[in-house]
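Examination of the molecular architecture
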Amino acid sequence: MKTPALFAAFLLLAGWLQAQTVVTGTVKDGKGHPLRGASITIKDSYDGGTADSLGNFRFKTTETGTKTLVVTNIGYNSLEQPISLAGAPLELRLVLKESLSELKAVTITAGSFTAGDAKRGAVLSSLDVATTAGSNADITAALKTLPGAQQIGEQEGLFVRGGAGYEAKQYIDGTLVNNPYYTSVPDIATRGRFSPFLFKGTVFSTGGYSALYGQALSSVVLLESIDLPEKSEVDATISPIVWGLGTQQLAKNKQSSWGFSYNYVNVDLYFKAVKQVPDYFTMPQFHNGDANFRIRTKNGGMIKYYTTFAYNDLGLRRQDVDSLNMKDAFSLTNHNWYNNLSWREYLNNGWKMDLGAGYSTNLDNIGQRVQDFKNQPVSFADSVFWMNNKSFAVDQKQQLAQAKAVFDKKLGALSAIRFGSEYWYSVNDQRYRTPHYGVDTTIKFQDNFNSLFAESDIYLTNALAAKVGVRYEHSSVIRKSDIAPRVSLAYRTGPEAQVSLAYGVFYQKPENSQLFYASNLGFTKATHYIINYQKMSKDRIFRVEAYYKQYKDLIKTVPIYNNYYYSIYNNSGDGYAKGIEFFWRDKKSIKDFDYWISYSYLDTKRNYLNFTEKMTPNFAATHTASIVMKRFFTKIKSGVNLTYSYATGRPYYYIRQDGGKYDMLETGKTKDYNSLNFSCEYVPTVGNAKARTFVVLFASVSNVLGYNSVYGYNFSYSGQYKQEINPPAKRFYFIGCFLSWGVDRSQDAINNNL
Amino acid sequence: MQKTLLFFALLISLSGVAQSDKYVQTMKNNIALLDSAKSIDQLQSLASTFERIGDAEKTQWLPYYYAALAQTWIGWNPATKDKDANSQKINAYLAKAEAIEKNSELYAVENMSSTQQMLVDPQSRWMTNGKDAGEALQKGLAADPNNPRLYYLQGMSLFGTPSQYGGGKDKAKPLFEKSVALFKAAQPKPLYPTWGQKQAEDMLAQCQ
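Residues numbered from 1 in each chain as written. Chains lettered and ligands numbered in written order. Predicted model: local features only at pLDDT ≥ 70, side-chain atom pairs only at ≥ 80, totals over all residues. Heavy atoms only, no water.

**A look at the overall build of chain B**
- Broken down by element type, chain B carries 10 helices and zero strands.
- Put simply, chain B runs from its N terminus to its C terminus through helices and strands in the order α-α-α-α-α-α-α-α-α-α.
- The dimensions of chain B, computed from C-alpha atoms along their principal axes, are 80 × 35 × 30 Å.
- When burial is assessed residue by residue, chain B has 46% of its 208 residues classed as buried. (Helix = DSSP H or I, 4+ residues; strand = E, 2+ residues; numbered from the N terminus. Buried < 20%, exposed > 50% of the residue type's maximum accessible area, 1.4 Å probe, protein only.)

As C-alpha cells, then:
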C-alpha cells in the first residue's frame, strides 16, 4: 500500500510543480486611461486577476494549452481572446472599448430644460414646482424662474425669448392642449389648468425643439403624465379659497388604476379680507372635476385616459380710461372639457409605438359694457365711437379633435429612428354683437391640419450625438404646406461638460382671431440658431446658452380707411431676437439648502400687427433675473422658500388708427419689475411610513415687500391720459391644508414578524 | 494487477474529491480573505475572484453572492464616489445569482445596494431607491423570516432615521434584539453567510 500513497503524494507534488504560468499586463481604455477593477479571467477556470488603480494585473494559473481570456469591466465591451499557456510568463496589453450607454452618453441640451423626477438631467421636479415660492403650484409660474422666460403679470402664458404667449404651446403625452390656461381676463394673468402632480416629467424647450412637435414659433412645454400611482389614497384640500376631494385607486395586482377628483374655488371670503382694486360684481368661482384610468399592458406598455371638466364665471368692474365717471364692466363664463387618451406599447424587435387621441371643447361667453356711476349701461353719440366700441358681447367656441401616432425603433444601443403623423381637426365658432350698432355677426371656420415627421438619434460615440429631423405640415384653412428641418448636435468636452448646437425652422398658423377674417394667409416662420454649454454634476448645474432667432412672414395688420372693426391681414411682418442666458443650480454647497439663479439678456425687435416700424414688443424686457431658494429644516419638518425676480422695464406704446394708417402717439418704458415671494410648508408626517394620514400645511405670500408693479399702460382714446396696468392686489396670500390617506403596506411584513 | 486497480480507483476518487474539494477549499480561502479584507483593491479583486468561481461552476449561487457582498463592502466605503455605478455591479452579480436560486440572503444584499443608492440623495431618492430597499427586505422576510441579517438591516435603517421621521434607537432596538437572538440560534450550512452577528451586537449595545 506504500506505492499508491507515494504515488499520490508525487501526483500532488507534480500538481504543484506543474507548469504554472504567470500572466501580467495592463487593462486600459482607448485613450490609455487605466481601468481599475477590470476583471481578467481564464474562461471556465478559477484563475484570473483584477486590474489595480494603475490598470496593472498579475496572476498565476495552472491551466495549460490554448484557453480563452475574458476581460470585463462595467461600461465597456467585453473582450475575449485566445491565449496559449505553456509555462513561460505572459505579458498582455489589453484595451477595452467603451460601450454606448445611456448613463454615459451625452444628451442634447440646446434649448431644452428637462424637468421631472425620473429623467436624467432633471432641472425641476414636480415637488420643485410646488415649492417654488410665488408659483402656488402653477407649472407656468415655476417655469418663469428659468432663463428664457419673461416676467409677464398682465397676461397668462410663457413669453419666451422675444416670443408672444401664443407662440408657446403645451403638449400632454404628445398631444396638443388647445386651452392650457383659464380664459383671459383683461390685464390679469390666469393660471394653468393642470396640476404639476399629474406629471412625472416636464420638458421646457426654449427653442430648437424636436420635429415631433410643431406650430409654436418660440417654445413648447412637453408634459408627460404619471403612469400608475404608488398606492391607493384619498386626498383632500382645505383652504379659505379652495376645497377639494379626490381619490386614486391602485388595483391589487398594481397593473391598473382609476381615480377622480373635484375642487371648488371661491374667492368671496378672500376678497372680503384682502381688498382688490377691481370691483367684483360676480365673485370668481371655479368648478373643476377630473377622472382618469391607467392600465399597464402585458409588455410593459401603458394605456392612459385623462379627462377634466371646468366651469367658471366672474364679473369685474374697473375705472374707464376715457372718462372718470364711467366704468368698464367685464364678465366671463367658461366651460372647458378636455380629454386625452394615449397608448404606449413596446413591440417586437425594438419597436415602440405611441398613439394619442384627444378631444377638447372650450366655450367662452364674454361681455363688456361701459357703465355709469350707478352701474347702468351707457350709449354714446356716434362721434365718440371709441366709447361705443368698448361695449360688446362675444361667444366663442373652440373644438379640437386630434390623433397622433409615433413609431420608434432602436438601432444599436442608443441610436433610434422615429416617425409618425398627426391630424388635428379644429372647429371655431364666434358670435360678436355690439349693443349700440346692432351688429350681430357669426363667423365659423374649420381647419384640417396634418403633419408627417421623421427624426433620427445618431450616437457616433458616447461623446458625440446628433438628432436630425424633418417635419411636413399642411393646413386646409390657409391651403398652405411647409417643410421644417431640425438638427441638433451634442459633444462632450470633458467630464460632466458638454456643448450642444441646435438649428431649426418653426412654422405656426395665424391666430384664430385673424383667421376669422382672413384665410389668404400663410404660416408665420421662425428660424432658431442655438449654442449651449452645460456642466452638470449630481448636485450642481451650470448652463450658458446663446441664441439668434429670425422671424419671417409674421402677421401684419393693415387698417381699412375709417373702418374700426375690421382690418386686412398679410404676412409682411418680420423681426429678430438674440440673447444670452445663464443658469446655475446648487444643492450641495450649503447643507439642506437648494438654490438656483437665472439670468436672461434679450435683444429683440419685430414689425408685426399694428407696429409702425421694427420695435421691441411690450412683452420683452432686456434683462430678467430670478433667484429661487429653498431650505428644508429636518428637525422641525418644515421648509421655507423664497423667490426674488427682477426685470428691467418693458416698452409701452400707444398706437392709434387714424384714417387708413397707424400713428405712434406715445412710447416709453415702464419702471423695473421687482417681486419677492415667500412660501413655507410644514409636513408633520414626513418620512413616517406608518402614518395613515399624510398632512401638508402650506402658506405663501406673493410680493411680500408690496412693490408696486406696473406692467404697462392703457391709454385714453385721445392719448392725453394713461392708466397703469397693475395687479388686482399688491399681495396674494394663500393658506391651505393638504391631506391624504393612503395605505402603505410595506412595513406590515416586517412588523408581523417581530 | 490488484494494486494497479486499487491505484486507479484511488486516483479516480482522489481527483473526484479534489474537484469538489477545490470549490470548497477555494471558497473557504476567499471567504476568509473577504472577512479580513479592508482596501477597495482587495475587495474588488475578491469580487472578481468570486465571479470567476461562479462562472466556472455555473450552478452555484454562493460565489456570485460573495462577489455581490464584496462589491457591497466597497459601496459602504466613503472613498467610493460613484455609488450608482457600484450598485450596478452589485446588481449584475445578484442577477447572476438569482438566475440560479432566489433566497433571502440575496435580498439582504439587494437591500444594501438600494440603500447605498438612496443615501446619495435621501430627500429625492427615498421614494425610489428607498422603496426598492424596503421591498427587498419584505421579499427577504417572506422567503426566510428567520434570517438574522434582515433584522439587522431593518434595524440599521430605523437607527439611521431621525425619531421624528419614525425611526430612532427605540424603534431599532427590538430589531437588533431579534437579530442577535436569531444569530445565536443560527446553524449556517458550510460556506453560507455568517456575517452580521458582531455588527448586530455592537448596534444593540449602542441602543442600550
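Back to the text.
**Let's talk about the sheet that holds strand β4 (residues 56–61) of chain A**
All names here are of chain A.
- Judged by pairing direction, the sheet is mixed, and its three strands sit side by side in the order β4-β1-β7 without closing on themselves. In the strand order of this sheet, the two ends are held by β4 and β7 (90–96), each with one partner. Sheet twist, expressed as the average angle between the axes of neighbouring strands with direction ignored, equals 25°.
- Looking at chain direction, strand β1 (residues 21–29) and β7 are connected through seven bridges and run parallel. Among the inter-strand pairings, Thr 24 is bridged to a residue of β7, identified as Glu 91. (Pairing = 2+ DSSP bridges. Axes fitted to C-alpha atoms, helices over the stretch in contact; angles between N-to-C directions.)

**So, the nonpolar core**
- Counting 49 residues, the largest nonpolar core has Met 27, Phe 50, Tyr 65 and Tyr 66 of chain B as its most contacted members.
- Sort the elements by how many residues they give to this core and helix α3 (residues 62–76) of chain B lands first, with nine residues.
- Counting residues in each nonpolar core, the second largest holds 29 residues, with Phe 445, Phe 449, Val 477 and Phe 506 of chain A among its members. (Core = buried A, V, L, I, M, F, W, Y, C linked by side-chain atoms within 4.5 Å.)

**Observations regarding the pattern of salt bridges**
Residue and element names in this part refer to chain A.
- Here the structure, examined in full by the defined rule, presents 47 salt bridges over all chains.
- The closest approach of N and O atoms between Glu 455 and Arg 418, which form a salt bridge, is 2.5 Å. Placement of the pair is Glu 455 in strand β22 (residues 439–461) and Arg 418 in strand β21 (residues 415–434), with a sequence separation of 37 residues. Exposure class is identical for Glu 455 and Arg 418. Each is buried.
- For Lys 467, the salt bridge is made with Glu 455, and the minimal N-O distance between the two is 3.7 Å. Taken together, the residues span a long stretch of sequence, with Lys 467 in strand β23 (residues 464–475) and Glu 455 in strand β22 at a distance of 12 residues.
- Accessibility expressed as a relative area gives 6% for Glu 455, which makes it buried.
- One network of salt bridges, in which partners are shared, links Lys 200, Glu 224, Asp 227, Lys 304 and Arg 344. (Salt bridge = Lys/Arg side-chain N within 4 Å of Asp/Glu carboxyl O.)

**A look at the packing of helix α5 (residues 104–118) of chain B against helix α7 (residues 129–143) of chain B**
Residue and element names in this part refer to chain B.
- At a closest axis distance of 8 Å, the pairing of α5 and α7 adopts a crossing angle of 170°. When the interaxial angle is binned, α5 and α7 end up roughly antiparallel. Our pair here, α5 against α7, has a crossing hand that is left-handed. Residues Ser 104, Tyr 107, Glu 110, Asn 111, Ser 114, Thr 115, Gln 117 and Met 118 of α5 pack against Asn 129, Gly 130, Asp 132, Ala 133, Ala 136, Leu 137, Lys 139, Gly 140 and Ala 143 of α7.
- Its residues assigned to classes, the contact of α5 with α7 comprises six nonpolar, eight polar and three charged. (Parallel < 35°, antiparallel > 145°, perpendicular 65-115°, else oblique. Left-handed = near helix turned anticlockwise from the far one by under 90°. Contact = heavy atoms within 4.5 Å. Nonpolar A, V, L, I, M, F, W, Y, C, P; charged D, E, K, R; others polar.)

**Considering the packing of helix α9 (residues 169–185) of chain B against helix α10 (residues 197–207) of chain B**
Residue and element names in this part refer to chain B.
- In the contact formed by α9 and α10, the axes pass within 9 Å of each other and the chain directions differ by 145°. Judged by the twist between their axes, the crossing of α9 over α10 is left-handed. Residues Lys 169, Lys 173, Phe 176, Glu 177, Ser 179, Val 180, Phe 183 and Lys 184 of α9 form the contact with α10, whose own contacting residues are Gln 197, Ala 200, Glu 201, Met 203, Leu 204, Gln 206 and Cys 207.
- The residue makeup of the contact of α9 with α10, split by class, is seven nonpolar, three polar and five charged.

**Considerations on the packing of aromatic side chains**
- Summed over the entire model, instances satisfying the criterion amount to 44 aromatic pairs over all chains.
- Aromatic side chains Phe 271 of chain A and Tyr 280 of chain A sit 4.7 Å apart centroid to centroid with 40° between the ring planes, which places their arrangement in the tilted category. The exposure classification of Phe 271 of chain A matches that of Tyr 280 of chain A, with both residues buried.
- Among the aromatic residues, ring-to-ring pairing joins Phe 50, Trp 61, Tyr 65, Tyr 66 and Tyr 192 of chain B into one connected group.
- Lying across the ring of Tyr 551 of chain A, Arg 606 of chain A places its NZ or CZ 4.3 Å from the centre. (Phe/Tyr/Trp six-rings, centres within 6.5 Å; stacked < 30°, edge-to-face > 60°. Lys NZ or Arg CZ within 6 Å of the ring centre and 35° of its normal.)

**Focus on the pairing of strand β6 (residues 79–85) of chain A**
Residue and element names in this part refer to chain A.
- Of the pairings in the sheet, the one linking strand β5 (residues 65–72) to β6 comprises seven bridges and is antiparallel in character. Each bridged residue has a counterpart across the sheet, and for Lys 67 the counterpart in β6 is Ile 83.
- Connecting β5 to the next strand, β6, in antiparallel fashion are six residues, including Gly 75 with a positive phi near 90°.

**Some words on α7 of chain B**
Residue and element names in this part refer to chain B.
- Spanning 15 residues, α7 covers 21 Å between terminal C-alpha atoms, matching the ideal 21 Å at 1.5 Å per step.
- Burial in α7 covers these residues: Asn 129, Ala 133, Ala 136, Leu 137, Gly 140 and Leu 141. Taken end-on, α7 shows its buried residues confined to a sector of 130°, consistent with a single buried face. (Expected span 1.5 Å × (residues − 1). Arc of directions from axis to C-beta.)

**A look at the environment of Val 477 of chain A**
Residues and elements named next belong to chain A.
- In this structure, Val 477 sits in the loop between β23 and β24 (480–494).
- Sequence spacing of Val 477 and Leu 521 is 44 residues, and the spatial spacing of their C-alpha atoms is 9.1 Å.
- Residues within four places of Val 477 in sequence aside, it is in contact with Phe 445, Gln 446, Asp 447, Leu 515 and Ser 519.

**Thoughts on α5 of chain B**
- Between its first and last C-alpha, α5 of chain B extends 21 Å over 15 residues, near the 21 Å set by a 1.5 Å rise per residue.
- Counting buried positions along α5 of chain B gives 14 out of 15 residues, so the element sits mostly inside the fold.

**Things to note about unusual backbone geometry**
- At Arg 161 of chain A, a residue that is not glycine, the phi angle is positive and equals roughly 50°.
- In this structure, Arg 161 of chain A sits in the loop between α3 (139–143) and β9 (168–172).
- The exposure class assigned to Arg 161 of chain A is buried, which follows from its relative accessible area of 2%.
- Even without glycine at this site, Leu 191 of chain B takes up a positive phi of about 75°.

**Points about a nonpolar patch on the surface**
Residues and elements named next belong to chain A.
- On the surface, a cluster of nonpolar side chains totalling about 570 Å² of accessible area is made up of Ile 458, Leu 460, Val 468, Val 487, Tyr 503, Tyr 529 and Tyr 548.
- Mapped onto the secondary structure, Ile 458 falls in strand β22.
- Exposure remark for Ile 458: the relative accessible area of 31% places this residue in the partly exposed category. (Patch = residues over 30% accessible without salt bridge, like charges linked within 9 Å, V, L, I, M, F, W, Y side chains within 5 Å. Areas by Shrake-Rupley, 256 points an atom, 1.4 Å probe, with all protein chains shown as cover.)

**Focus: the confidence of the model for chain B**
Residues and elements named next belong to chain B.
- For chain B, per-residue confidence averages 87 on the pLDDT scale, and residues scoring 70 or more make up 90% of the total.
- Long-range and interchain partners of residues 13–17, a stretch whose pLDDT sits below 50, account for two contacts in this model, where long-range means more than four residues apart.
- At the level of chain-chain contacts, confidence expressed as ipTM amounts to 0.74, with global pTM at 0.80. (pLDDT = per-residue confidence, 0-100.)

**Some remarks on the side chain of Thr 140 of chain A**
All names here are of chain A.
- The residue Thr 140 is located in helix α3 in this model.
- Judged by its relative accessible area of 5%, Thr 140 is buried.
- Within the structure, the side chain of Thr 140 is placed 3.1 Å from the side chain of Tyr 181, a separation counted as a polar contact.
- Ignoring sequence-local partners within four residues, the contact set of Thr 140 consists of Gly 157, Leu 158, Gln 170 and Tyr 181. (Polar contact = N/O pair within 3.5 Å; in protein donor to acceptor, adjacent residues only side chain to side chain.)

**Concerning the sheet that holds β6 of chain A**
All names here are of chain A.
- Strands sit in the order β3-β2-β5-β6 across an open sheet of four strands; the sheet is antiparallel. At either margin of the open sheet sits one strand with a lone partner, and together these are β3 (48–50) and β6. The mean inter-strand angle of the sheet, taken between neighbouring strand axes irrespective of direction, is 20°.

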